Protein chains: 2
Amino acid sequence: MPLKIKEEHGGNIHYASEVLGISTDEILDFSANINPLGIPEALEKVLFSHMEALIYYPDPGYGRLRERLSEYVGVSPENVIPGNGSSEIIYLLLKAQKPENILIPAPSFSEYEQAARNAGIPIGYCKLREEENFRPALEQMAQKMMAGYQCVLLGNPNNPTSTLLSKNDLYDFIQIAARCGTTIIVDEAFIELTVGGAGNSVAELTKTFDNLFVIRAFTKIFAVPGLRLGYGIGNEQLIKEIRKMQQPWPVNSLAAYAGDFLPEAGAYLEKTKIWLEVEKDWLYKKLSAIPGLKAYIPHTNFILLKLTESGTDGDSLTEWMAQRGILIRNASGFRFLDKYFFRVAIKDHAANQRLVEAIEKFFTKK
Amino acid sequence: MPLKIKEEHGGNIHYASEVLGISTDEILDFSANINPLGIPEALEKVLFSHMEALIYYPDPGYGRLRERLSEYVGVSPENVIPGNGSSEIIYLLLKAQKPENILIPAPSFSEYEQAARNAGIPIGYCKLREEENFRPALEQMAQKMMAGYQCVLLGNPNNPTSTLLSKNDLYDFIQIAARCGTTIIVDEAFIELTVGGAGNSVAELTKTFDNLFVIRAFTKIFAVPGLRLGYGIGNEQLIKEIRKMQQPWPVNSLAAYAGDFLPEAGAYLEKTKIWLEVEKDWLYKKLSAIPGLKAYIPHTNFILLKLTESGTDGDSLTEWMAQRGILIRNASGFRFLDKYFFRVAIKDHAANQRLVEAIEKFFTKK
C-alpha cells in the first residue's frame, strides 16, 4: 500500500490513522512540533472547570483573556489581540497592514506565503543558504529590505530550520526597519520552546517600536493545537484594525478562559526548558551519528535533516516510517528545500529512542 | 449609575456583569436567543470524552464532522463545510461568491450587512413593513431581485422579527431566483427552534438548486454559543472556494467531535419543540396583554416588541430591567426599527414569568 503523507502541515494523525488502518493512539507523531510534556495540569484544570462557559457567547472584547496574556507578555491589554490560532492573526494582520510588498526568508512556515498571497501582497524571498546551514542572514535581509520592502515576516525560531536569532540582533534589525518605515512581523510560536525561553522574545520591544508586531500562541508550548488560541502583540491602531476584520467571536469560550492558568505556568515552562536542553542535544547527536544523514543544529523542539546517501529520499523514508506507525515531516514542500529534506519533532526520551532506532534500521535494511 | 447596554449583539453577560457588579450567574439573560433546555446531555458527554483531542490538531478535512453533519441534514459530505460559528461561513461565503450586489430584507441580523460590507458588496434593502407586522414579503423581494440582484441573503426564521417563511413559498422563490441567475442564501440558525423543526428547512433543496446556500449552526439549538460551530450547505464548487479562504484549522478539536452526538439528538429536539410550543404562546399572550406594549407573533424562540406608551422607550426599559439583573435586547440598532423596539428570548417558564412580572412592574411604577 503506497502511503503518501505529503501535506501542507504536519500533525495530521487523522489522515495517517485512516490510511494505516490503526488507531491514532498507536501513532508516534514526529511530524507535529508539540511540547511532549502535554497540556499543563493547571491549564487542564482551568479548561475542565469552565466547560459551562460553552453555553455562553464569549466576551467579544475578550477582556479577561487579553489581561492575562498582557501580564504574561509584559505589555498592556490594548496591545494584545487573541485569535483563532496564530494562523488567523497572520492572515488578518497582513490584510489590515496591506503593505505594498513583503519580504519572507525561506525556507519557512508555508502559512507566511499563503497569508501574503491571500492578502494579494507581492512576495520577495530571502533565501537561507544550505551551505551556511540555513543561518538566518539578517545583514542580507536588511539589504533587501532597504531596497524597498514595506514589511518583513520571519519566524523566530524559524520553522523548519530550527534556527534562532538573538534579541540583540533583532533589536538592531528592527531599528533599521523603523528608519526605512518597514514593519517587522516576528512569529514567535516556538519562542518558549527554546532554551532561553521567553527571554528570547522581542514582544516587549513593541513598546519601543511601533513597526514591530509579534505573534505568539498556546498551540506549541502548551500542547493545545486543538484549542485554537493564538495572539498578536503590537501597536494599538493595528490591533484595532485587526479586530474590525475579525468575526464577533473568533475565540471559543474555553480558550477565552485559558489565560487564567498563566500566572501558574512558571513551573511547567521551567520543566520544558530542562527537558528541551537534554533531549535536543541527545537527539541531535544520535541523528548526526547516523551515516547517510546530515542534521542541522536545532535551537527549538525540532530538527531539520537531510538524507545524503544515494537511493534515499524523504518520500521513501517517510513512507517506510509511516508503515511502522511513526510520522515524520517530509520537508520537500518547503520553498528552497528538495526531496532529501525531512523534519522531526523532539519528543520524550523513550519516543526519541524509538525514532533513532527506526531511522537506523531504515539505513541498515538497505 | 447609567447603564448603557447597547451593543452589536445580545448575550454579552460579561459586560453586563462588570457594569452591574454582580456575577454572571445572577443575570437573567433574555438578550441572547439560546435554547433554555441547555446543552444536550449526549453532546456534553461527547465533549467531555474528547477533551484529550485538544492536544492534537483537528483533522483539516473535518471528515468525521462533515459526515455527521451531512447525515443530520440529509445531503452529501462534499456539500457541507464547517466553520468557526455561522459568522465565519457568512463572511467567507460572500467573499467567495463575490456577487455584484446583494439584497437583504431588513430589519434582520446585523451580521448580514457587516459581512456584505466586509466583502465590499453594494447592499440593497427590502424593507419589511411594520404595518404588515414585518411579514417577510417574498413577492416584493422577488420583484426587487428580478430588477437585477445577484444574491439575496435572508434569515429564516428572521431575527429580530421572529417571522418564518414556509418551505413551499421559499421553493417558489428559489426557483424564480434560479431563472434570474440569483443565489439565495438562507440563514437557518433558528430553524430547529420552530414548532415544525428541521421540517421547515430548505437544506435538502440544495440538491435540486445550485443557486441555494443554507447556513446552520449548533449555537442556538444546542445552546453552545461558546463552542463556535456553524456550517454551510451548498454546491461543491462554492464549498471548495470557501474552504480555500479558511485558515487550516477554523474549527477547534472539541467542536470537531460535536457531530458525534447528532444521531442521538432526536429526543432533545422533540423536547425542544414541546417546550417551544407551550412557552411561545404563553409568553406572547402575557406580553400582548400588557397595556403599552405591542408584541409581534413569534415563530421561533424570541419575540419582537414595541413600546407604545408615551414616555417609554427601549433605552429606559433596557436600563430599568438591567438594574434588576434582567437583560433584554434593545432593538433600536436594527435597520428600520426605532427606539421603541426591543426583543426578548423565550426561556423556561419560571424565567418567563419573572420577565413578565418585571415588565409589568416597569409600567405600574410609572
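Residues numbered from 1 in each chain as written. Chains lettered and ligands numbered in written order. Predicted model: local features only at pLDDT ≥ 70, side-chain atom pairs only at ≥ 80, totals over all residues. Heavy atoms only, no water.

## Concerning the overall build of chain A
Logical step 1: Looking only at helices and strands, chain A has 12 helices and 13 strands in total.
Logical step 2: Against the 2.2 N^0.38 benchmark of 21 Å for 366 residues, chain A shows a C-alpha radius of gyration of 20 Å, consistent with a compact globule.
Logical step 3: Over its C-alpha atoms, taken along the principal directions, chain A stretches across nearly 60 × 55 × 35 Å.
Logical step 4: Counting the 366 residues in chain A, one finds 61% classified as buried.
Logical step 5: Total accessible area on chain A is roughly 13700 Å²; 48% of this is exposed by carbon and sulfur atoms. (Helix = DSSP H or I, 4+ residues; strand = E, 2+ residues; numbered from the N terminus. Rg over C-alpha atoms; globule rule 2.2 N^0.38 Å. Buried < 20%, exposed > 50% of the residue type's maximum accessible area, 1.4 Å probe, protein only. Areas by Shrake-Rupley, 256 points an atom, 1.4 Å probe, with all protein chains shown as cover.)

## Looking at the side chain of Asp29 of chain B
Residues and elements named next belong to chain B.
Logical step 1: The residue Asp29 is located in strand S1 (residues 28-29) in this model.
Logical step 2: Buried charged residue Asp29 carries no salt bridge. Nearest counter-charge: Lys347, at 6.0 Å.
Logical step 3: At 2.6 Å, the side chain of Asp29 and the side chain of Ser31 are in polar contact. (Lys, Arg positive; Asp, Glu negative; His and termini not counted. Salt bridge = Lys/Arg side-chain N within 4 Å of Asp/Glu carboxyl O. Polar contact = N/O pair within 3.5 Å; in protein donor to acceptor, adjacent residues only side chain to side chain.)

## Remarks on the interface of chain B and chain A
Logical step 1: Listed by partner, the interface residues are 43 residues for chain B and 44 residues for chain A.
Logical step 2: The junction of chain B with chain A conceals about 3700 Å² of combined surface from both sides, 62% of it contributed by carbon and sulfur atoms.
Logical step 3: Where chain B packs against chain A, one counts zero salt bridges.
Logical step 4: The tally of links from chain B across to chain A stands at 12 residue pairs in polar contact (both at pLDDT 80 or more).
Logical step 5: Contributing elements (two or more residues each) for the side of chain B that touches chain A: helix H1 (13-20), helix H2 (41-49), helix H4 (85-97), helix H5 (110-118) and helix H9 (253-258) of chain B.
Logical step 6: Considering only residue class, the side of chain B that touches chain A consists of 25 nonpolar, 12 polar and six charged. (Contact = heavy atoms within 4.5 Å. Buried area = accessible area lost by both parts, 1.4 Å probe. Nonpolar A, V, L, I, M, F, W, Y, C, P; charged D, E, K, R; others polar.)

## Here we look at the relation of the copies chain B and chain A
Logical step 1: Relative to chain A, chain B is turned by 180° and slid 0.0 Å along the rotation axis, the superposed coordinates differing by an RMSD of 0.0 Å. Taken together, the rotation and translation relating the two chain copies correspond to the operation of a two-fold axis.
Logical step 2: A symmetric contact is evident, with 100% of the interface residues of chain B recurring at the interface of chain A. (Least-squares fit on C-alpha atoms with pLDDT ≥ 70 in both.)

## Focus: the sheet that holds strand S13 (residues 341-345) of chain A
Residues and elements named next belong to chain A.
Logical step 1: Strand order in this open sheet of four strands is S9-S10-S13-S12, and the pairing throughout is antiparallel. The open sheet has two free edges, formed respectively by strand S9 (293-295) and strand S12 (329-330), since each of these has just one partner strand.
Logical step 2: Bridge count between S9 and strand S10 (residues 302-307): three bridges; the pairing is antiparallel. In the strand pairing of S10, Ala295 is matched with Leu305. (Pairing = 2+ DSSP bridges.)

## Concerning the pattern of salt bridges
Logical step 1: In this structure the tally under the stated criterion is 29 salt bridges over all chains.
Logical step 2: Salt-bridge contacts for Glu132 of chain B lead to Arg135 of chain B; the nearest nitrogen and oxygen are separated by 3.2 Å.
Logical step 3: Between Lys339 of chain B and Asp313 of chain B there is a salt bridge, and its shortest N-O distance comes to 4.0 Å. Taken together, the positions of Lys339 of chain B in the loop between strand S12 (329-330) and strand S13 (341-345) and Asp313 of chain B in the loop between strand S10 (302-307) and helix H11 (314-323) put the pair 26 residues apart, joining distant regions of the chain.
Logical step 4: What you see here is one network of salt bridges that share partners, running through Arg64, Arg68, Glu71 and Asp260 of chain A.

## Focus on the sheet that holds S13 of chain B
Residues and elements named next belong to chain B.
Logical step 1: Taken together, four strands build an open sheet; the order of strands is S9-S10-S13-S12 and the sheet is antiparallel. In the strand order of this sheet, the two ends are held by strand S9 (293-295) and S12, each with one partner.
Logical step 2: Of the strand pairs in this sheet, S10 and S13 are connected by five bridges, and their pairing is antiparallel. Counted as the bridge partner of Ile303 is Val344 from S13.

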